[in-house]
Amino acid sequence: MQFSRNGRAYPAQFISRVIPRLAALAAAGALILPGRARACACGCGIYEVGTASMLPGQTGSMLFLNYAYQDQDQNWSGSSEAPAADNPDRDIRTSFYTFAYQQVFNTHWSLRAELPYEQRHFETTGGASGQDLVSLDFGGVGDARVEGIYTTTSRSDGVIFGLKLPTGSYTRNDAYGDIDRDTEIGSGSTDALIGGFHRFTLGSDYRWTEYVQGLVDAPLATQAGYRPGTELDGAVGVYYTGWFMGGLEVAPIAEMKVAFRGRDTGPGASSPVASGYSRLLAAPGIELNARPFKVSVQLTIPVCQRFTGNQLVAPVGVSLSTAYSF
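Presented here is an overview of the structure given in this document. Since this is a predicted model, take the numbers as computed values, not measurements.

1. What about the overall build of the protein?
Point 1. Looking only at helices and strands, the protein has one helix and 19 strands in total.
Point 2. Per-residue burial for the protein yields a buried fraction of 51% across its 326 residues.
Point 3. Across the protein, the fraction of contacts at a sequence separation of at least 24, relative to all contacts at a separation of at least 6, is 68%.

Next comes the structure, spelled out in structure tokens:
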């Protein structure tokens, strides 16, 4: 991977600076918490790592509205696509809406609160005979998050800590129990959130901004015999802020995301051998900044992935983020 400034390429600098920081974040998460999985067995958490421009900056407030969509219609086992007949589930289509508020109090301290809403279409094999094709539509408020963010004086480094709260429903079902716990809107668990980020520039052209960040989500308290595991999401990326169209700043984004999760546990885990994965995804995008508004669009495309058991995955995901600063 190469990025250039003034006609000069910097592949070695990028690799030597970015990759070790991402590895350090991943290693820290692995040392602190065991590798397990979070509810919604197909990578919902992959959208929770934002671009560097959405991290705390100047003092003030910011409102967010984020939308993400994925259609999980491919059955995977191990590192390759598997026959659909190996998985009783057929399709999971989900729209994720997240309303968020961020307050930057001063140079060091910020607070962020998120309230998600999810709408899901689920097709699986079940029903009265256990072999019927069942189609279910359900939605509701998901699990809220409250995070504190501490940044250094330069605001180039930060630590994220907080809680995910069990505000989402985890008891939605039909008469035949076709909705598994990992397909519910909420996990029923209270989770610790621990992460961090680093922003930096390579070379002398400060229009390029590089960043690396990671977030660990680990259950502390669970309900109804179901423990979603711990998930580690990370991102490394770069964006350019030197393009303008009138008063509109156009910033292309190049980002790679990683996600690691293990297996669900407890008697409420319907299929612990069919949960857990590791994924590497490319996430190209673009951000439009017409202060005080920002809009960014990103695609999420799997590069390589490995799943335990048989799980439904999406061949591509899309996300749209809007923000208003005041």
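2. A closer look at a nonpolar patch on the surface
Point 1. On the surface, Phe 105, Trp 109, Leu 111, Val 146, Tyr 150, Val 159, Phe 161, Leu 163, Leu 165 and Leu 220 cluster together into a nonpolar patch covering about 870 Å² of accessible area.
Point 2. Those elements that provide at least two residues to the nonpolar patch are strand S7 (109–126), strand S9 (145–151) and strand S10 (157–164).
Point 3. If you tally residues by element for the nonpolar patch, the top one is S10, at three residues.
Point 4. For Trp 109, the position within the fold is in strand S7.
Point 5. Under the relative-accessibility criterion, Trp 109 is labelled partly exposed at 42%.

3. Quick notes on the nonpolar core
Generally speaking, nonpolar side chains in soluble globular proteins are found buried as a group.
Point 1. Of all hydrophobic cores here, the largest spans eight residues; its members are Ile 92, Phe 122, Val 134, Leu 136, Phe 138, Ile 179, Ile 185 and Leu 312.
Point 2. Per-element accounting of this core gives the leading share, three residues, to strand S8 (residues 132–141).
Point 3. Each residue touching Phe 122, except ones within four places of it in the same chain, is listed here: Asp 89, Asp 91, Ile 92, Val 134, Ser 135, Leu 136, Phe 138, Asp 178, Ile 179 and Thr 183.

4. Description of the packing of aromatic side chains
Point 1. Evaluation of the coordinates by the stated rule reveals 11 aromatic pairs.
Point 2. Summarising the aromatic geometry, the rings of Phe 293 and Tyr 324 are spaced 4.9 Å apart at their centres and angled 40 degrees between planes, so their arrangement reads as tilted. Of this pair, Phe 293 sits in strand S18 (residues 293–313) while Tyr 324 sits in strand S19 (residues 317–325); the two residues are 31 residues apart in sequence, bridging distant segments of the chain.
Point 3. Looking at Phe 293, the relative accessible area reads 47%, which means it is partly exposed.
Point 4. Residue classification places Tyr 324 among the partly exposed positions, given a relative accessible area of 33%.
Point 5. The side chain of Arg 112 reaches across the aromatic face of Phe 64, ending 4.4 Å from its centre.
Point 6. Between Arg 279 and the ring centre of Tyr 277, over which it is positioned, the NZ or CZ distance is 5.9 Å.

Rules behind the numbers
- Residues numbered from 1 in each chain as written.
- Predicted model: local features only at pLDDT ≥ 70, side-chain atom pairs only at ≥ 80, totals over all residues.
- Heavy atoms only, no water.
- Helix = DSSP H or I, 4+ residues; strand = E, 2+ residues; numbered from the N terminus.
- Buried < 20%, exposed > 50% of the residue type's maximum accessible area, 1.4 Å probe, protein only.
- Contact = heavy atoms within 4.5 Å.
- Patch = residues over 30% accessible without salt bridge, like charges linked within 9 Å, V, L, I, M, F, W, Y side chains within 5 Å.
- Areas by Shrake-Rupley, 256 points an atom, 1.4 Å probe, with all protein chains shown as cover.
- Salt bridge = Lys/Arg side-chain N within 4 Å of Asp/Glu carboxyl O.
- Core = buried A, V, L, I, M, F, W, Y, C linked by side-chain atoms within 4.5 Å.
- Phe/Tyr/Trp six-rings, centres within 6.5 Å; stacked < 30°, edge-to-face > 60°.
- Lys NZ or Arg CZ within 6 Å of the ring centre and 35° of its normal.

This is a description of form; function is not addressed.
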